[in-house]
Protein chains: 2
Amino acid sequence: MKKGHQITMKEIAKKLGVSVSTISRALKDSPELHPETKRKIVEMAKEMNYQPNLLAQSLRISRSKTLGVIVPEITSHFFASCISGIQDTANTRGYNVMICQSNESLELEKANIRTLVSSQVDGLLISLSRETNQFDHLYDLYNREINFVLFDRVNEEIPVSKVTFNDVGGAYQVVKHLLEGENRRIVYVSGPEDLYISKKRKEGYLKALKEFGIDIDPTLIFKSDLTTEGNIEVAKAIAEMQPRPDAVFCMIDPVAVDVLTQWKSVGIKIPQDMALAGFTNNPTAAVVEPPLTTVAQPGYEMGKLAVSHLLDQLDGIASDDPISIVLETTLVPRKSSQHFDLKK
Amino acid sequence: MKKGHQITMKEIAKKLGVSVSTISRALKDSPELHPETKRKIVEMAKEMNYQPNLLAQSLRISRSKTLGVIVPEITSHFFASCISGIQDTANTRGYNVMICQSNESLELEKANIRTLVSSQVDGLLISLSRETNQFDHLYDLYNREINFVLFDRVNEEIPVSKVTFNDVGGAYQVVKHLLEGENRRIVYVSGPEDLYISKKRKEGYLKALKEFGIDIDPTLIFKSDLTTEGNIEVAKAIAEMQPRPDAVFCMIDPVAVDVLTQWKSVGIKIPQDMALAGFTNNPTAAVVEPPLTTVAQPGYEMGKLAVSHLLDQLDGIASDDPISIVLETTLVPRKSSQHFDLKK
DNA sequence: CTGTTAGCGCATTCAT
DNA sequence: ATGAATGCGCTAACAG
């Protein structure tokens, strides 16, 4: 184990024969200091390659200039984009970021919160796990007056700021698109019921159907546990329906991709046999064959906005009153939804 | 701005009428303490929801139990997998992780190192940016005796531990696979010359050709700047070759995907017209049409190994002498390379 | 068994 | 304009 010794103010002070407080003042450019002393100190600090000890600094001023981020999983492209946006923005505003993943587990989510709080982060950005159907840990943060902002996977009850997409609108957009393509019997493949986005997208689906005067058919609503196996089961079940639906709208792209793959393997052709659409616009959506119609969610933007608002609160620029930021999504029409179009 | 006040040992001490050190001892289960006192303290701590201040603790013991990670970009699935492996392993061993992305910029890489060192991380895990062709900042770490391990994008000269893939072997595997498929004129699309993996994969390519007694044809070696535009240019250039090569091996999957997309748009069929292969086994590789032959690199494993070794060094389990861990890759043959197979 | 003391590195108040 | 003293929250050596 190496030493890894770091230069401290004390050492500079000794070398220059001045007191530590003088060093401190010089390094933060205090005005009440002789310019010459200041110059010498700054020079020496650079020469000795002095780097301030952020831990000590944080302890002293009771602010760590560090934020905590919790996402369900880093390997998801969407969340990685969010993190990227958070990271970039936080850094330019002088903050560091500690990232954790909950691996979709409530227990890990709680544990992550504990360590981040122990690490004295100044605030938290949280996207809830799929398992999170109980929110004591968040109310606890709230009661302890720890700043946090929820994004994407939020809970509606908790009185904190949230950044979400217009999930209802996005689902509405894509289902409307399918309806305009003259599809009538449209399946919705949902996820677990507790999942915020699953509920919201269903709302959008229902809204579009209603607007087109189509009766809700509960047999057209499927539920996947979002594992590949679960998705494949749903794909099989849909394929066996008599008659087959015109189109299938999946809650998220990975589901649609799994469905597509399963159908390909049994000779079902998209979009000739059925139209298909997803949600999120993952990189895979663009490259599958046929390219998948989906709804784009700007993750980088979401991260940026979420962290900006949190920092505004921390810096006293924004009030602590919770606000709700809703980002619009964009329909990305691709070949997979040209079911009836092709028949013409 | 909220207060976010945290309970300290002092407050517990006052409440219980004992000294702070007694609290400290009780909370770390010191044996030399009256069981009853200990019980009372632990109980009270729980009741008051005490969370230790990790900053203070770190400052005191001069170890932060935090690691720094620098990757070129989080949104890359491969690096996200590495991070995931690092995160999981570090957490189970009681360490936190601070993640930074260099955005493929040398300057940001340096800045990241500075802040992480200032944050008193106990060690660093670094994957170099594409721009990094100069290594003073790493030698500086070395000279300051700060523990770090390089992974994937490494520099060979620096005397620190490294975790890499057998890039030569992986490229050899895939080119051999192409050769066994009777392809003879095989193109290699490389990246920037400074890039470690670009060089290594070229070595494997050349090795396979040599083994099959095929003369090196420099006109078959292309170079892309790895942007989509660059990749498309290369795709066009290859398409215009007379006669066309039998197969194309791209340094990384995204290049292969871009090439494939470009070719599709001009009616070139894969694998009928040419075989195509990539490297990394990104999620996209499996879902493009045709599925892309590639070489799988277990990123999660790499992260796990890199961090395990670093922690072993920090904990004194492993010596500080640099070692080199080389992970084997796995050929993933898919349809895109069945060029001559199909002709049979 | 437990309290007192000292100090990690830094910023700030109070002196001078 | 600068130094000395204090304390952020915690641990550990020393002293009983």
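Everything that follows concerns the structure shown earlier in this document.
About the criteria used
Residues numbered from 1 in each chain as written. Chains lettered and ligands numbered in written order. Predicted model: local features only at pLDDT ≥ 70, side-chain atom pairs only at ≥ 80, totals over all residues. Heavy atoms only, no water. Near = heavy atom within 4 Å. Polar contact = N/O pair within 3.5 Å; in protein donor to acceptor, adjacent residues only side chain to side chain. Helix = DSSP H or I, 4+ residues; strand = E, 2+ residues; numbered from the N terminus. Least-squares fit on C-alpha atoms with pLDDT ≥ 70 in both. Salt bridge = Lys/Arg side-chain N within 4 Å of Asp/Glu carboxyl O. Buried < 20%, exposed > 50% of the residue type's maximum accessible area, 1.4 Å probe, protein only. Pairing = 2+ DSSP bridges. Axes fitted to C-alpha atoms, helices over the stretch in contact; angles between N-to-C directions. Contact = heavy atoms within 4.5 Å.

Novice: Just to check I follow, could you spell out the protein's contact with DNA strand D for this structure?
Specialist: Neighbouring DNA strand D are 26 residues, the closest being Thr22, Arg25 and Arg60 of chain A together with Tyr50 and Arg60 of chain B. Atoms of DNA strand D within 4 Å of the protein: sugar and phosphate make up 68%, bases the balance. In the model, a phosphate oxygen of DNA strand D is placed 3.0 Å from a nitrogen or oxygen of the serine 24 of chain B side chain. Here a base nitrogen of DNA strand D sits 3.4 Å away from a polar atom, N or O, in the main chain of alanine 56 of chain B. Elements supplying a minimum of two residues to the surface near DNA strand D: α2 (20–27) and α4 (54–61) of chain A together with α1 (9–16), α2 (20–27) and α4 (54–61) of chain B. Here the element with the most residues in the surface near DNA strand D is α2 of chain B; it accounts for 4 residues.

Novice: Just checking my understanding: could you explain the relation of the copies chain B and chain A for this structure?
Specialist: One copy of the chain maps onto the second through a rotation about an axis and a displacement along it. When chain B is fitted to chain A, the residual RMSD is 0.1 Å, and the transformation amounts to a turn of 180° plus an axial shift of 0.1 Å. A rotation of that kind, with that shift, is consistent with a two-fold axis.

Novice: Looking at this structure, I do not really get the pattern of salt bridges. What am I missing?
Specialist: In total, this model carries 32 salt bridges over all chains according to the counting rule given. For the salt bridge of glutamate 36 of chain A with arginine 39 of chain A, the shortest nitrogen-to-oxygen distance reads 2.9 Å. Placement of both glutamate 36 of chain A and arginine 39 of chain A in helix α3 (residues 35–47) is noted, with a separation of 3 residues, approximately one turn of the helix. Under the relative-accessibility criterion, arginine 39 of chain A is labelled partly exposed at 41%. We note a salt bridge from lysine 200 of chain B to glutamate 156 of chain B, for which the minimum N-O separation is 3.5 Å. Here lysine 200 of chain B, found in helix α9 (residues 196–211), pairs with glutamate 156 of chain B, found in the loop between β4 (148–151) and β5 (162–165); they are 44 residues apart in sequence, far enough to count as distant. Residue lysine 200 of chain B is classed as buried on the basis of its relative accessible area, which comes to 15%. One connected set of salt bridges, linked through shared partners, spans Arg63, Arg93, Asp312 and Asp315 of chain A.

Novice: Which parts of the structure should I look at to understand the sheet that holds strand β8 (residues 247–250) of chain A?
Specialist: Sheet strands pair via backbone hydrogen bonds, and the direction of the pair is either parallel or antiparallel. Residues and elements named next belong to chain A. Within the open sheet, the 4 strands sit side by side as β7-β6-β8-β9. Their pairing is parallel. Each end of this open sheet is capped by a strand with a single partner; those strands are β7 (221–223) and β9 (275–277). Ignoring which end each strand starts from, the neighbouring axes of this sheet average 20° apart. Note: strand β6 (residues 186–190) against β8, 4 bridges, orientation parallel. For isoleucine 186, the partnering residue across the bridge sits in β8 and is alanine 247. Across the sheet, helix α9 (residues 196–211) lies against β6, β7 and β8, angled at about 170° from β6, the strand it touches most.

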